[in-house]
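Here is what each chain is made of, one letter per residue.
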Amino acid sequence: MALPQPQYDYDEPVYYTEDEYLDIERSSDEKHEYVHGEIVAMTGGSPNHNQISGNVITALNVALRDTPCIVYTGDMQVKLKRHRTYRYPDVAVVCDEPQITDDNPGSLLNPVMLVEVLSESTQITDRGDKLREYTGMDSVQAYLLVAQDEPRVEVYLRQESGWLYHNVTGLDSDVTLTPVNITLPLAEVYRKVTFERESDS
């Protein structure tokens, strides 16, 4: 379903209610995020983006298989009530009983960890708006930013005194994820990935 076209200057922002957004999203063949009343179309993922996302999901599923944690793909929508925003992170992990809204599509309310794979077209948002939004969720204990063009993962971990930042590089390195008590080897994150700078995601 195509978005309704405004009847005035296309440079003017068009705002929708949450109900209008959800109506559009449930009948659309494409995914859209909802940011402070505006609807933003999601761009397609590059081969590296898709491979890395799949690798992260696989590695997390294996590491968390004997725990209560559930790993969700990029099709799981996350609702950030404090920011009046709906996002589609590349990966979401929940370890308590999942809290899902009654909307269609349902949105996750209590992720413990969120992952975004960086690209040229999204990294400003991933490091800016999404960083503020995700770390502003009470349930979120870890936020990972995964590079496509080199083996590098930026890690934000919640501490009692605030957020601790780590920059982990190299295929022989591991990301220690204390909130879920596992380590994530970069060799697994980048399995079968050919490094080259991506211009889009």
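Residues numbered from 1 in each chain as written. Predicted model: local features only at pLDDT ≥ 70, side-chain atom pairs only at ≥ 80, totals over all residues. Heavy atoms only, no water.

Peer 1: Quick question: what am I supposed to make of the overall build of the chain here?
Peer 2: Of the regular secondary structure elements, the chain holds five helices and 13 strands. What you see for the chain is a C-alpha radius of gyration of 17 Å, in line with the 17 Å of a compact globule of 201 residues. In terms of principal-axis extent, the alpha carbons of the chain reach across some 55 × 40 × 30 Å. With 201 residues in all, the chain has 47% of them scored as buried. Nonlocal contacts in the chain, meaning residues at least 24 apart in sequence, comprise 54% of its contacts between residues at least 6 apart. Accessible surface, the chain: about 10500 Å² in total, of which carbon and sulfur atoms supply 46%. Computed over 16 positive and 35 negative side-chain charges, the inter-centroid distance for the chain is 4 Å. (Helix = DSSP H or I, 4+ residues; strand = E, 2+ residues; numbered from the N terminus. Rg over C-alpha atoms; globule rule 2.2 N^0.38 Å. Buried < 20%, exposed > 50% of the residue type's maximum accessible area, 1.4 Å probe, protein only. Contact = heavy atoms within 4.5 Å. Areas by Shrake-Rupley, 256 points an atom, 1.4 Å probe, with all protein chains shown as cover. Lys, Arg positive; Asp, Glu negative; His and termini not counted. Charge placed at Lys NZ, Arg CZ, Asp CG, Glu CD.)

Peer 1: For this particular structure, what's the right way to read the confidence of the model for the chain?
Peer 2: Close inspection of predicted coordinates is inappropriate in any region flagged by low pLDDT. Per-residue confidence for the chain gives a mean pLDDT of 91; residues scoring 70 or more make up 92%. Between residues 4-9, whose pLDDT stays under 50, and residues either more than four places distant or in other chains, the model counts six contacts. (pLDDT = per-residue confidence, 0-100.)

Peer 1: Even after reading the chapter, I still don't get the nonpolar core, so can you show me in this structure?
Peer 2: Where a protein is soluble and globular, its nonpolar side chains tend to be buried together. In this structure, Leu60, Leu144, Leu177 and Tyr190 are the most contacted members of the largest nonpolar core, which totals 31 residues. Dropping the residues within four chain positions of it, Leu144 is found in contact with Met113, Leu114, Val115, Glu116, Val153, Glu154, Val155, Leu177 and Leu184. Within the second largest apolar cluster, 16 residues are counted, among which are Met76, Leu118, Tyr134 and Tyr156. (Core = buried A, V, L, I, M, F, W, Y, C linked by side-chain atoms within 4.5 Å.)

Peer 1: I would appreciate a short explanation of the state of the cysteines in the present structure.
Peer 2: Note on terminology: disulfide describes a covalent bond linking the sulfur atoms of two cysteines. Evaluation of the coordinates by the stated rule reveals one disulfide. With its sulfur 1.9 Å from that of its partner, Cys69 forms a disulfide with Cys95. Torsion about the S-S bond of the Cys69 and Cys95 cystine: about 100 degrees, corresponding to right-handed handedness. Linking Cys69 in the loop between α2 (47-63) and β3 (70-72) with Cys95 in the loop between β6 (91-94) and β7 (107-108), this pair joins segments that are 26 residues apart in sequence. (Disulfide = S-S within 2.5 Å.)

Peer 1: I'm lost on the sheet that holds strand β2 (residues 38-41) in this one. Help?
Peer 2: What links the strands of a sheet is backbone hydrogen bonding, and the strands pair in either a parallel or an antiparallel sense. Judged by pairing direction, the sheet is mixed, and its five strands sit side by side in the order β2-β1-β5-β4-β7 without closing on themselves. One side of each edge strand has no neighbouring strand; the edge strands of this open sheet are β2 and β7. As paired strands, strand β1 (residues 32-35) and β2 are joined by four bridges and run antiparallel to one another. When the bridges of β2 are listed, Glu33 appears paired with Val40. (Pairing = 2+ DSSP bridges.)

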